[in-house]
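As a plain string of letters, each chain reads:
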Amino acid sequence: MISRVKTTLDIDDALVTRAKIAAARRRTTLTRLVEEGLRLRLAEPRRATAARVVLPVFNGGGGMRPGIDPCSNRSMLDAADGDDDA
């Protein structure tokens, strides 16, 4: 048997109005809507399980093309633009 307690709450008028509309749309009572909300807020938080993610790794060769100066912004920008004069 579920015991019930009557209580008085001071709730913002606009919030009560929204709650009554939501309860009517769900074809339930304001009491049940409030109880559901309390159960949700008081429930133990679910612990997120860390999903193991395997990241791809590039093992190929490479590096800078010959003639690019890694200390020169202009050289790097020219290479990125496809300018082969660098």
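As shown above, the structure is provided for reference.
Rules used throughout
- Residues numbered from 1 in each chain as written.
- Predicted model: local features only at pLDDT ≥ 70, side-chain atom pairs only at ≥ 80, totals over all residues.
- Heavy atoms only, no water.
- Helix = DSSP H or I, 4+ residues; strand = E, 2+ residues; numbered from the N terminus.
- Rg over C-alpha atoms; globule rule 2.2 N^0.38 Å.
- Buried < 20%, exposed > 50% of the residue type's maximum accessible area, 1.4 Å probe, protein only.
- Areas by Shrake-Rupley, 256 points an atom, 1.4 Å probe, with all protein chains shown as cover.
- Lys, Arg positive; Asp, Glu negative; His and termini not counted.
- Charge placed at Lys NZ, Arg CZ, Asp CG, Glu CD.

Side note on the overall build of the protein chain
On a plain count of helices and strands, the protein chain comes out with three helices and zero strands. Written out in order from the N terminus, the α and β elements of the protein chain read α-α-α. At 31 Å, the protein chain has a C-alpha radius of gyration far larger than the 12 Å of a compact globule built from 86 residues. Per-residue burial for the protein chain yields a buried fraction of 8% across its 86 residues. Here the protein chain has roughly 8,900 Å² of accessible surface; of this, 54% comes from carbon and sulfur atoms. Computing the positive centroid from 15 side-chain charges and the negative centroid from 12, the protein chain places the two 22 Å apart.

Re unusual backbone geometry
In this structure, Arg 27 takes a positive phi of about 55° despite not being glycine. Mapped onto the elements, Arg 27 comes out in the loop between helix H1 (13-25) and helix H2 (30-42). Note on Arg 27: relative accessible area 80%, which makes it exposed.

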